[in-house]
Amino acid sequence: MRYLHTMVRVRDLEANLRFFRDGLGLRETRRMENPQGRYTLVFLAADETPDAEIELTYNWPDAGGAIEDYGSARNFGHLAFRVDDIYATWAHLQAMGYTINRPPRDGHMAFVRSPDLVSVELLQDGHLPPREPWASMPNTGAW
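Residues numbered from 1 in each chain as written. Predicted model: local features only at pLDDT ≥ 70, side-chain atom pairs only at ≥ 80, totals over all residues. Heavy atoms only, no water.

A few points about the side chain of Thr 6
- Along the chain, the position of Thr 6 falls in strand β1 (residues 2-9).
- Owing to a relative accessible area of 18%, Thr 6 belongs among the buried residues under this scheme.
- Engagement of the side chain of Thr 6 in a polar contact is seen with the side chain of Tyr 3, the distance being 2.3 Å.
- Here Thr 6 is in contact with Glu 53, Ile 54, Glu 55, Phe 76, His 78 and Leu 79, once residues within four sequence places are set aside. (Helix = DSSP H or I, 4+ residues; strand = E, 2+ residues; numbered from the N terminus. Buried < 20%, exposed > 50% of the residue type's maximum accessible area, 1.4 Å probe, protein only. Polar contact = N/O pair within 3.5 Å; in protein donor to acceptor, adjacent residues only side chain to side chain. Contact = heavy atoms within 4.5 Å.)

Considering the pairing of strand β4 (residues 49-59)
- Judged from the five bridges that link them, β1 and β4 form a sheet pairing that is parallel. Bridged to Arg 9 within β4 is Thr 57.
- Note: strand β3 (residues 39-46) against β4, eight bridges, orientation antiparallel. Paired with Val 42 across the two strands is Leu 56, which belongs to β4.
- Joining the antiparallel neighbours β3 and β4 is a turn of two residues. (Pairing = 2+ DSSP bridges.)

As for the nonpolar core
- Ile 86, Trp 90, Leu 93, Val 112, Val 120, Leu 122 and Trp 134 are the most contacted members of the largest nonpolar core, which totals 13 residues.
- Of all elements in the fold, only β5 (76-83), α2 (86-95), β7 (109-113) and β8 (119-124) reach the threshold of two or more residues within this core.
- Here the element with the most residues in this core is α2; it accounts for four residues.
- Counting residues in hydrophobic clusters, the runner-up holds nine residues, among them Leu 13, Val 42, Leu 44 and Tyr 58. (Core = buried A, V, L, I, M, F, W, Y, C linked by side-chain atoms within 4.5 Å.)

Some remarks on the sheet that holds β1
- An order of β2-β3-β4-β1-β5-β8-β7-β6 is seen for the eight strands of this open sheet, with the pairing classed as mixed. This sheet does not close on itself; its edge strands, each paired only once, are β2 (27-34) and β6 (100-102). Taken over all neighbouring pairs, the strand axes of this sheet differ in orientation by 25 degrees on average, direction set aside.
- Direction of pairing for β6 relative to β7: antiparallel, over a ladder of two bridges. (Axes fitted to C-alpha atoms, helices over the stretch in contact; angles between N-to-C directions.)

Quick look at the packing of aromatic side chains
- With the rule as written, the count across this model stands at three aromatic pairs.
- Geometrically, the ring pair formed by Phe 19 and Phe 20 is edge-to-face, given 4.9 Å between the ring centres and 85 degrees between the ring planes.
- For Phe 19, a relative accessible area of 47% translates into the label partly exposed.
- Of the residues examined, Phe 20 reaches a relative accessible area of 13% and is grouped as buried.
- Between the aromatic rings of Tyr 87 and Trp 134, the centroid separation amounts to 5.1 Å while the plane-to-plane angle is 25 degrees, which identifies the pairing as stacked. Of the two residues, Tyr 87 sits in helix α2 while Trp 134 sits in the segment after β8, which places them 47 residues apart along the sequence.
- Taking relative accessible area as the criterion, Tyr 87 reaches 2% and is therefore assigned buried.
- Judged by its relative accessible area of 7%, Trp 134 is buried.
- Arg 30 extends its terminal NZ or CZ atom over the ring of Phe 43, reaching a point 3.7 Å from the ring centre. (Phe/Tyr/Trp six-rings, centres within 6.5 Å; stacked < 30°, edge-to-face > 60°. Lys NZ or Arg CZ within 6 Å of the ring centre and 35° of its normal.)

Structural data, given as structure tokens:
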């Protein structure tokens, strides 16, 4: 397993880039704009640890211009880890009694929550072919 990133939702992307990039000295490693999903992802890392990234997620304002209110801790999104075999990892977690909140239907991405409800994203290196029972498994709860 390899640590990938921590996601933080931000209300003002430029203000947060000023803080993380200009203030803390993190470097923007990549950026993804998704007009269909109405969000922007900006990944930042320190030069000394380029593989441990912070993902700033900016959800665009709605049609009326309203910005989402995340409350006191909703802006923290999830921890993310890359795994060698997402199906084997999920079979192991499921056997331990953990609920799979978003199963790896696509052979690439899935979510589970810790006992304290911290969302953990597991990402397959590449994509495995869809496999049952995960391909047909619905989401459970929030992730």
